[in-house]
Amino acid sequence: MGIEFILDELHTLKDRTLLRECKTIESPQDPYIQINGKSYLSFCSNNYLGLANHLKIKQAAIAAIHQYGWGTGASRLVSGNMTPHQELEKKIAEFKGTRDALLFPTGYMANLGALCALVSKGDIVVGDKLNHASIIDGCRQSGATFRVYPHNNVSQLESLLQRSSMYRRKLVVTDSVFSMDGDTAPLPEIVRIARKYDAIIMVDDAHATGVFGKQGKGMIEHYGLEGKVDVIMGSFSKAIGSIGGFIAGSKDIIDFLKNKARTFIYTTALPPAVCAASLAGLTLIQEDASLLDKLWENIRYLKSQLSKFRNTIAVESPIVPLIVGSAEDAVNLSTKLYENGILIPAIRPPTVSPGTSRLRISLMATHTEGDINRLIDTLKDIGFFTYENARDSSAAKLQSDEKKH
Ligand SMILES: *Cc1c(COP(=O)(O)O)cnc(C)c1O
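Residues numbered from 1 in each chain as written. Predicted model: local features only at pLDDT ≥ 70, side-chain atom pairs only at ≥ 80, totals over all residues. Heavy atoms only, no water.

Asker: Before we move on, could you go through the site of the ligand and cite the residues and values that matter?
Answerer: Residues in contact with the ligand amount to 15 residues; listed here are only the nearest, Gly107, Asp204, His207, Ser235 and Lys238. At 3.4 Å from a nitrogen atom of the ligand is found a side-chain nitrogen or oxygen belonging to histidine 132. In this structure, serine 235 approaches the ligand through a side-chain N or O atom, which is 2.7 Å from an oxygen atom. Summarising the interface, the protein chains cover 87% of the accessible area of the ligand, which totals 370 Å² for the free molecule. Those elements giving two or more residues to the shell around the ligand turn out to be helix 5 (107-118) and strand 8 (231-235). Ranked by residue count, the leading element in the shell around the ligand is helix 5, at three residues. Tallied by class, residues from the shell around the ligand come to three nonpolar, nine polar and three charged. (Near = heavy atom within 4 Å. Polar contact = N/O pair within 3.5 Å; in protein donor to acceptor, adjacent residues only side chain to side chain. Areas by Shrake-Rupley, 256 points an atom, 1.4 Å probe, with all protein chains shown as cover. Helix = DSSP H or I, 4+ residues; strand = E, 2+ residues; numbered from the N terminus. Nonpolar A, V, L, I, M, F, W, Y, C, P; charged D, E, K, R; others polar.)

Asker: Describe the packing of helix 13 (residues 289-306) against helix 15 (residues 369-381), and please don't skip the residues or the numbers.
Answerer: At a closest axis distance of 10 Å, the pairing of helix 13 and helix 15 adopts a crossing angle of 30°. In this view, helix 13 runs roughly parallel relative to helix 15, as classed from their interaxial angle. You can see that helix 13 and helix 15 cross each other, and the crossing is right-handed. When helix 13 is examined against helix 15, the residues Asn298, Tyr301, Leu302, Gln305 and Leu306 are found in contact with a partner set consisting of Glu369, Ile372, Asn373, Leu375 and Ile376. The class makeup of the residues in the contact of helix 13 with helix 15 is six nonpolar, three polar and one charged. (Axes fitted to C-alpha atoms, helices over the stretch in contact; angles between N-to-C directions. Parallel < 35°, antiparallel > 145°, perpendicular 65-115°, else oblique. Left-handed = near helix turned anticlockwise from the far one by under 90°. Contact = heavy atoms within 4.5 Å.)

Asker: Break down the side chain of lysine 96 for me, with residues and values.
Answerer: With respect to the helices, strands and loops of the structure, lysine 96 is situated in helix 4 (residues 83-96). Among the polar contacts listed, one links the side chain of lysine 96 to the side chain of threonine 209, at a separation of 2.9 Å. Aside from chain neighbours lying at most four places away, what touches lysine 96 is Asp205, Thr209, Lys217, Gly218, Ile232, Phe246 and Ala248.

Asker: Can you tell me about the pairing of strand 4 (residues 124-128), naming the residues and giving the values?
Answerer: Looking down a regular strand, the side chains alternate between one sheet face and the other. A large share of strand 4 lies buried, amounting to five of its five residues. By the bridge criterion, five bridges tie strand 4 to strand 5 (residues 145-149) in an arrangement that is parallel. Pairing of valine 126 across the sheet is with arginine 147, part of strand 5. As a crossover connection, the stretch from strand 4 through helix 6 (residues 133-142) into strand 5 is right-handed. (Buried < 20%, exposed > 50% of the residue type's maximum accessible area, 1.4 Å probe, protein only. Pairing = 2+ DSSP bridges. Right-handed = clockwise from strand over helix to strand, strands pointing away.)

Set out below in structure tokens:
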């Protein structure tokens with residue numbers, strides 16, 4: 001009795017190849033990282049623009065430490081609110097084309113706090129099946145009725161909204177770029193339908209910020225939807241290379257969240273140096289267009305190389321899933337890559353649904369063509385492109401397509 005269940009559960013996870021453990025990175029987050037004294041080529045970081053170890057960002061953080069010290073000592077509403085918080089919120093609002101913005105310690109907390117503040121019992125929240133875990137947790141914890149539509153299925157979204165007239169408030173929430181599949185949401189359609197049924201629209205732009213849009217401002221810029229999305233959520237932890245989450249929106253929404261979002265109110269303010277680093281990241285994206293250009297060059301190059309082997313792998317963003325099937329097979333392939341000096345962990349349930357375990361490639365602007373060639377060659381060497389054991393339907397489909405090819 002007591003805590004024996006813990007050992008049981010750990011054994012069960014291990015038996016199903018679902019046990020997860022952390023690898024320790026002994027170097028900065030660059031394309032080449034060091035683990036156990038050995039160098040590995042990494043294709044699994046969300047550091048899309050390579051800013052996590054950028055000189056200007058490090059300098060900005062160090063300068064802020066000299067000016068403001070490290071800690072904040074209190075929540076924002078008590079006495080933790082400092083100049084860099086204000087500057088960053090102003091900058092992010094300008095970047096996202098909204099009146100105002102609010103920082104949260106992480107993107108996870110931004111989603112949780114905003115959703116729980118905006119809807120509650122008597123309301124309905126409708127979201128894509130593949131939304132990020134932090135959105136799902138927010139939807140569940142809000143107490144609102146929570147309905148899910150099949151991935152990117154806007155007609156199902158519409159029929160859910162059609163049947164929702166008895167609810168007080170309606171909220172539609174979607175990722176703009178889906179974190180484990182790398183595909184994108186049909187935002188203009190979603191916005192049109194949500195408007196038609198008078199629903200609040202919330203978009204999680206975590207993977208699009210610094211990646212999509214001519215100036216890297218995200219999916220709202222990409223589709224020209226400025227002013228049409230009520231709540232834009234994002235994170236500084238991906239392309240911006242820093243840490244922290246945000247909500248951008250109207251002044252009323254931000255004032256409301258300052259008073260109602262528990263993950264904003266009841267937590268200590270981010271260190272000022274973190275804000276200075278995020279601010280420097282945004283400035284770099286605005287000033288140096290070559291970062292974005294290089295990332296998209298790499299995306300196009302990977303796409304062209306992969307299509308020589310499989311023309312069914314969708315490449316829409318820096319996230320490229322190679323669907324394998326079972327967790328065991330995905331782990332085996334990942335281990336083989338690792339033995340060949342390439343780090344791409346297997347993504348398994350519950351992060352993705354059973355039978356769709358995968359190798360999730362993510363690209364950085366700082367990868368070279370040579371790095372991508374090495375990845376393709378290694379995938380070929382370990383037999384990925386002729387892989388016969390994959391059991392799930394999408395991998396089976398990929399294989400039959402390949403035979404036709
Ligand atoms: C990473 C991520 C988050 C959480 O952001 P953090 O800042 O890492 O907490 C939220 N939504 C999506 C879609 C993400 O990929």
